[in-house]
Amino acid sequence: MDVHYMSLGSLKRMCESERILGSGDDFFMVEFECLQGGKNFLKYPCRLDGYIVIFCISGSFNLTVNMNEKEMEANCLCVLVPEDIVRISGLDREGNGPLKFFMLAVSRNYMSGLRFDIGRLHSRGTSFLNNPVLKLDDSARKIMLSYIWTASEIMSRQLQYRKDCVGSLITSSFFFAGSLLAEQSKSSVMTVSGGSVRASILFDRFIALVREYHMSERSVSFYAGKISMDPKYLSRVIKKATGRTASEWIDSYVVLEAKHMLKYSDLPVKEIVYRLNFPTQAMFCKYFKAHTGFTPKGYRNA
């Protein structure tokens, strides 16, 4: 398999010191409070094989999703989908009060059994993928907390139809979160040259292609060809819209993928070189060190 994932079972084992509700690895909820050894939880970029909802009650930490770093603070909600690459930092920092957040994890198989259509949440483009974090107002916060408390109570009881009850809640909570994210995308569209929605749509198309092809293609010309656009024009628009060139976005995804494979797989470097479509190991090592300051083996052993 070309892409490496951290299974929900592995994620669950990382949370063994916390309060876990749910049976098996198909769906479970974790209540994090004053996280023990928190500085090591998802410290390195990791692709999670499932759907994840994180809701922060108090305190704060940094969450990086597909190269976008956000601060998760009180009342912030994050929705992650399969293929997202995630990293968490700052769990052990002081000065922001006691840390408390909930994480709901749901497997692909369980979600497909609920007939949950993730495509409906992306009907307005990939802004849901690129902006997974939002701050809830008081009304939305109360609704999200009601989902959490209700799911927690159901999971803690041995009910005959417990799985069905939780399934309905999961579906409802994801669509609620998706509705909030859709509202957010309307009011926080990425702007360029005074507010071009076209630039936002172009970036969405570009980054979706990068997510799909970054393991085999690193040239701006390839992505520009997919969009039927001049490479220089594409890079100029992306630079104005995001502050980063198209090449920098491509490189960021390639490096992130390399970091993920180095930390969460036992693949030899030469196999990673092959999977990322570098012509030689020497070229990959030079590329990786230029972007990270480490050799691949040095990063793996750090």
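Residues numbered from 1 in each chain as written. Predicted model: local features only at pLDDT ≥ 70, side-chain atom pairs only at ≥ 80, totals over all residues. Heavy atoms only, no water.

### Observations regarding the sheet that holds strand β8 (residues 85-89)
What links the strands of a sheet is backbone hydrogen bonding, and the strands pair in either a parallel or an antiparallel sense. With antiparallel pairing, the four strands of this open sheet are ordered in space as β3-β8-β5-β6. Looking at which strands have only one partner, the edges of the open sheet turn out to be β3 (46-47) and β6 (68-73). Examined bridge by bridge, strand β5 (residues 60-65) and β8 share four bridges and lie antiparallel to one another. By the bridge assignment for β8, leucine 63 is matched with isoleucine 88. (Pairing = 2+ DSSP bridges. Helix = DSSP H or I, 4+ residues; strand = E, 2+ residues; numbered from the N terminus.)

### Details of the pattern of salt bridges
Scanning the model with the defined rule gives eight salt bridges in all. A salt bridge links arginine 19 to glutamate 31; the shortest N-O distance between them is 2.8 Å. Of the two residues, arginine 19 is situated in strand β1 (residues 19-21) and glutamate 31 in strand β2 (residues 27-33); the sequence distance between them amounts to twelve residues. The buried category is assigned to glutamate 31, whose relative accessible area is 15%. Measuring nitrogen to oxygen at the nearest pair gives 2.8 Å for the salt bridge that ties glutamate 257 to arginine 47. With glutamate 257 in helix α9 (residues 246-264) and arginine 47 in strand β3, this residue pair connects regions lying 210 residues apart in the sequence. Using a relative accessible area of 0% as the deciding quantity, one classes glutamate 257 as buried. Among the residues examined, arginine 47 registers a relative accessible area of 4% and is labelled buried. The network of salt bridges with common partners includes Arg19, Glu31 and Lys100. (Salt bridge = Lys/Arg side-chain N within 4 Å of Asp/Glu carboxyl O. Buried < 20%, exposed > 50% of the residue type's maximum accessible area, 1.4 Å probe, protein only.)

### Looking at unusual backbone geometry
The phi torsion at asparagine 75 lies on the positive side, around 75°, for a residue other than glycine. One non-glycine residue, asparagine 277, lies in positive phi territory at about 60°. Structurally, asparagine 277 is set in the loop between α10 (269-275) and α11 (281-292).

### Examining the pairing of strand β4 (residues 51-58)
Of all eight residues in β4, seven are buried; the element is thus mostly enclosed. As paired strands, β4 and strand β7 (residues 76-80) are joined by four bridges and run antiparallel to one another. Directly across from valine 53, in β7, lies its bridge partner valine 79.

### Examining the confidence of the model for the protein
Across the protein, the average pLDDT comes to 82, with 84% of residues at 70 or higher. Across residues 122-128, where pLDDT falls below 50, the model places 14 contacts with residues more than four positions away in sequence or in other chains. (pLDDT = per-residue confidence, 0-100. Contact = heavy atoms within 4.5 Å.)

### Regarding helix α8 (residues 231-242)
For α8, with twelve residues, the first-to-last C-alpha span of 16 Å sits near the 16 Å given by 1.5 Å per residue. Of the positions making up α8, those classed as buried are Leu234, Ser235, Val237, Ile238 and Ala241. Taken around the axis of α8, the buried residues stretch over an arc of 165°, which confines them to a single face. Exposed positions of α8 whose direction lies more than 90 degrees from the buried face are Lys232 and Lys240. Two or three places before lysine 232, at the opening of α8, aspartate 230 has a side-chain oxygen 3.1 Å from that residue's backbone nitrogen. Positioned one or two residues after α8, glycine 243 has a phi angle of 85°, which is positive. (Expected span 1.5 Å × (residues − 1). Arc of directions from axis to C-beta. Polar contact = N/O pair within 3.5 Å; in protein donor to acceptor, adjacent residues only side chain to side chain.)

### Observations concerning the packing of aromatic side chains
Going through the model one piece at a time under the given rule, you end up with 17 aromatic pairs. Here the aromatic rings of phenylalanine 27 and tyrosine 110 are separated by 4.9 Å at their centres, their planes lie at 35°, and the arrangement is tilted. With phenylalanine 27 in strand β2 and tyrosine 110 in helix α2 (residues 108-113), this pair connects stretches of sequence that are 83 residues apart. Just as phenylalanine 27 is buried, tyrosine 110 falls in that class too. Between tyrosine 44 and tyrosine 299, the ring centres sit 6.3 Å apart and the planes meet at 80°, which makes this aromatic pair edge-to-face. Of the two residues, tyrosine 44 is situated in the loop between β2 and β3 and tyrosine 299 in helix α12 (residues 296-301); the sequence distance between them amounts to 255 residues. Through pairs of rings, three or more aromatic residues link up here, namely Tyr44, Phe278, Phe284, Tyr287, Phe288, Phe294 and Tyr299. Above the plane of the ring of tryptophan 249 lies arginine 244, whose end atom (NZ or CZ) is 4.3 Å from the centre. (Phe/Tyr/Trp six-rings, centres within 6.5 Å; stacked < 30°, edge-to-face > 60°. Lys NZ or Arg CZ within 6 Å of the ring centre and 35° of its normal.)

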